[in-house]
Amino acid sequence: MTITMWQETDNKLYRKFRFADFSEAFAFMTRVAMLAEKADHHPTWTNTWNTVEIWLCSHDAGNTITDRDRRLAAAIDKLVA
Ligand SMILES: C[C@H](O)[C@H](O)[C@H]1CNC2=NC(N)=NC(=O)C2=N1
């Protein structure tokens, strides 16, 4: 997987994940979806074949970055550590 860290842009946490193929990317998305649902905090994301891009912000805090975003980002990081 290509490593790029979370960046703060436009009041969002952003990170790009690149995997070997679509199957690995989608398996990752499935795991993120379960984390998100458990936390009641959901990513804005895109998937193109082996690449997943994620943006995190808190709508209920005026679309800014909060601790909920930082916690979900850290939990996502654990999936790929
Ligand atoms: C009602 C529910 O708790 C809210 O709509 C949740 C759901 N998922 C969410 N996800 C994100 N990323 N930000 C939120 O503010 C948010 N709010």
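Owing to the predicted nature of the structure, the values given are computational and were not obtained by experimental measurement.

Cut-offs and rules
- Residue numbers restart at each chain and count upward from 1, following the sequence in its written direction.
- Predicted model: local features are reported for residues with pLDDT of at least 70 only, side-chain atom pairs are reported and counted for 80 or more only, and whole-chain, interface and lining totals are derived from all residues.
- Neither water nor hydrogens contribute to the side-chain values; these are computed over all heavy atoms in the structure.
- One heavy atom within 4 Å of a molecule or strand is enough for the residue carrying it to be called near that molecule or strand.
- Two N or O atoms form a polar contact when they lie within 3.5 Å of each other; inside protein one atom must be a possible hydrogen donor and the other a possible acceptor, and for residues adjacent in sequence the pair counts only when both atoms belong to side chains.
- The Shrake-Rupley method, run with a 1.4 Å probe sphere, supplies the accessible areas, and residue values consider only the shown protein chains as cover.
- For this scheme, ten residues count as nonpolar: Ala, Val, Leu, Ile, Met, Phe, Trp, Tyr, Cys and Pro. Four count as charged, namely Asp, Glu, Lys and Arg, and the remainder, Gly too, count as polar.
- Should a side-chain nitrogen of Lys or Arg be within 4 Å of a carboxyl oxygen of Asp or Glu, the pair is scored as a salt bridge.
- For the purposes of this entry, the term helix denotes a DSSP run of H or I that reaches at least four residues, the term strand denotes a run of E that reaches at least two, and both are numbered from the N terminus.
- Partly exposed describes any residue whose relative accessible area lies between the buried limit of under 20% and the exposed limit of over 50%, with all areas from a 1.4 Å probe on protein chains only and scaled to the type maximum.
- Residue count minus one, scaled by 1.5 Å, sets the expected span of a helix.
- Summarising the geometry, the arc corresponds to the directions from the helix axis toward the C-beta atoms.
- Contact criterion: two residues are considered in contact whenever any of their non-hydrogen atoms come within 4.5 Å of each other.

Caption draft 1: Up close: the site of the ligand. Taken together, Asp 40, His 41, His 42, Cys 57, Ser 58, His 59 and Asp 60 are the residues near the ligand. With respect to the ligand, the backbone of His 42 contributes an N or O atom lying 2.7 Å from a nitrogen atom. Considered on its own, the ligand offers 390 Å² of accessible surface; in the complex 65% of this is hidden by protein. Residue classes in the shell around the ligand are distributed as 1 nonpolar, 4 polar and 2 charged.

Caption draft 2: Focus on the pattern of salt bridges. Within this structure, the stated rule accounts for 3 salt bridges. Between Asp 77 and Arg 15 there is a salt bridge; the shortest N-O distance is 2.6 Å. Of this pair, Asp 77 sits in helix H2 (residues 67-80) while Arg 15 sits in strand E2 (residues 12-18); the two residues are 62 residues apart in sequence, bridging distant segments of the chain. A residue is classified by how much of its surface remains accessible, and Asp 77, at 23% relative accessible area, is partly exposed.

Caption draft 3: Region of the structure containing H2. Its 14 residues give H2 an end-to-end C-alpha distance of 20 Å, which sits within 8% of 20 Å, the value for a rise of 1.5 Å per residue. Turning to H2, its buried residues are Asp 69, Leu 72, Ala 73 and Ile 76. What you see down the axis of H2 is that its buried residues fit within an arc of 105 degrees, all on one side. Of the exposed residues in H2, the ones pointing more than 90 degrees away from its buried face are Asp 67, Arg 71 and Lys 78.

Caption draft 4: Geometry of helix H1 (residues 22-39). The end-to-end C-alpha distance of H1 is 25 Å, a good match for the 26 Å that 18 residues give at a rise of 1.5 Å each. Tucked into the core, H1 has its buried residues touching E2, strand E3 (44-48), strand E4 (51-56) and H2. Two to three positions downstream of the cap, the backbone nitrogen of Ser 23 sits 3.3 Å from a side-chain oxygen, assigning the N-cap of H1 to Asp 21. Positive phi appears at Asp 40, one or two residues downstream of H1, with a value of about 50 degrees.

Read these as geometric descriptors, not functional statements.
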